Amino acid sequence: MPVPTPVPTSVRTPPRTQIFQVSTLYGAATLAAALDAGQFGRALDSHRVLLVSNNAAVPETALRLEEMRGYGSLAARFDAVVDWNAAISPHHPSGWGPRSEETVLWQRAFRLAWDIAPDAPVDLAVESIQVNPARALAAIFSESAVHVYADGLMSYGPTRNRLPQSIACRIRRVLHLDLVTGLRPLLLAEAGVEPELVPDDAFRAVLSEIATAADGDKGLAAAEAAAPTAMLLGQYLAALNILTPEEEEDLHVRMLRGAARAGHTSILFKPHPTAPPAYSRALDEAAAEAGVRLTTLDGPLLAETLYERCAPTLVVGCFSTAMFTAAAYYGIPVARVGTRLVLDRITPYENSNRVPLTITDHLVPDLDAHGAGALPLLPRTAPDTLAPLVRTVGYCMQAKLNPGLRPDAEAWLRERLDPTTQHYFKRRRLQSLTLPGGGPRGAAVRLRRTVRRTRSTLGL
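Residues numbered from 1 in each chain as written. Predicted model: local features only at pLDDT ≥ 70, side-chain atom pairs only at ≥ 80, totals over all residues. Heavy atoms only, no water.

Novice: Help me get a handle on the overall build of the protein, residues and values and all.
Specialist: When helices and strands are tallied, the protein shows 18 helices and 12 strands. Against the compact-globule benchmark of 23 Å for 460 residues, the protein has a radius of gyration of 25 Å, which places it among compact chains. Projecting the C-alpha coordinates of the protein onto the three principal axes gives extents of approximately 90 × 80 × 40 Å. For the protein, with 460 residues in total, the buried portion stands at 51%. (Helix = DSSP H or I, 4+ residues; strand = E, 2+ residues; numbered from the N terminus. Rg over C-alpha atoms; globule rule 2.2 N^0.38 Å. Buried < 20%, exposed > 50% of the residue type's maximum accessible area, 1.4 Å probe, protein only.)

Here is the structure:
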């Protein structure tokens, strides 16, 4: 009888490598909270790589993630940090993806460059799986399990594009924050992917850690000295050609005047991190006219750091995720300005910002309609009216991906579509989908389809 060859005791399976792709500090904080909560297993069982991507239109002129206050403490959770922009230079992260015949070569190259053993299993944790760089990584590491984490409110909306089955079948879960309790994400629902909450206490602890790491920042010291009671969140809508620069300036001025009208005399303005650096004097002039103290903080700080350190009693925005972080994790009242205008302007209808705008419009008080006095807190649990509305809007955005939502969408539109809800929908979209509210054209199209089906059945 042959004697089996013994396996050397020194031979062992290489440790599993986990690659975490991030482009924002908020996203990195979400991942850090998931790691701390044990949602990616024990640190000792894996080699963890933080893959940093700068997706700004001109990365060379944009603030780098590594420059943000608190980045260092988050990066310390990983065994290695890799610059994705440098890895694929001179290509842009949002525009580059490998050709199908080159994916094996790219994987070999990255394993060698990132010190990953040729036979080590790899898991991916990515944001925005529908687009690059997440989609490029999923194609290159074609055998890897994929974990998607949500960086904000867009997870409550439908998937932007249909994913190849070769990627969709490998997605294990959608990790997301509980920004709107009771609302279930639509992201990747068409692929049967289940959402999984990142625990509130873990995320809140990471935000506190980031705020502590900001000690010594001059901008933060100036903000604390101003003792602001209201905080305005700037947008980047002009850069996206949704509003004109003048309209965006007016949006910020309306935020300031509304906060002053509500009784706030010290106001902090936090521009969006990806917004253009230049602003006119319109906001300063409005502050002087209203008799309030205005502090503008255009530094490498998360808005949540300012919640932690300055404790404002009001946060105002258009549809920023940071508004919901303020309400959900800090118990700060929030108000909206200009949300309905932007909801009307964004195109195409399937624009991923439509669901965040819808949620904000439905839940958050309109500051322009508010007089003096404090604003109410948002309810911690979303009202029963929100989920059906979001599902209906989601169906209208991506009907082909979510055909199972049609009966509920039809029922909602028949019962709820009226002048108070019409702004969530475009008549042309309802017509093209032959949904209630589409008008005579929709009815005619439905009739023609019925006639065609009947003629086909009868063989005519």
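Novice: If you had to explain the sheet that holds strand β3 (residues 80-83) to someone new, which residues and values would you point to?
Specialist: Taken in spatial order, the seven strands line up as β3-β2-β1-β4-β5-β6-β7 in an open sheet, and their pairing is parallel. The outermost strands of the open sheet, each flanked by one partner alone, are β3 and β7 (195-197). Strand-to-strand twist across the sheet, computed as the mean angle between neighbouring axes with direction ignored, equals 25°. Sheet topology note: the strand β1 (residues 16-22)/strand β2 (residues 46-52) ladder contains seven bridges and is parallel. Bridging from a neighbouring strand, Gln21 pairs with Leu51 of β2. Relative to β1, helix α1 (residues 25-36) is tilted by about 150°, and along the sheet it contacts β1, β2, β4 (122-126), β5 (145-149) and β6 (171-176). (Pairing = 2+ DSSP bridges. Axes fitted to C-alpha atoms, helices over the stretch in contact; angles between N-to-C directions. Contact = heavy atoms within 4.5 Å.)

Novice: Report on the nonpolar core, specifying residues and quantitative values.
Specialist: Side chains that are nonpolar tend, in soluble globular proteins, to be buried together. Of all hydrophobic cores here, the largest spans 115 residues; its most connected members are Val180, Tyr307, Phe324, Ile359 and Phe425. Of all the elements, α1 adds the most residues to this core, at nine residues. Non-local contacts of Val180, meaning those with residues more than four positions away in its chain, are made with Leu153, Tyr156, Phe324, Ile359, Leu363, Ala382 and Leu386. Of all hydrophobic cores here, the second largest spans 31 residues; its members include Trp84, Leu137, Ala138 and Val148. (Core = buried A, V, L, I, M, F, W, Y, C linked by side-chain atoms within 4.5 Å.)

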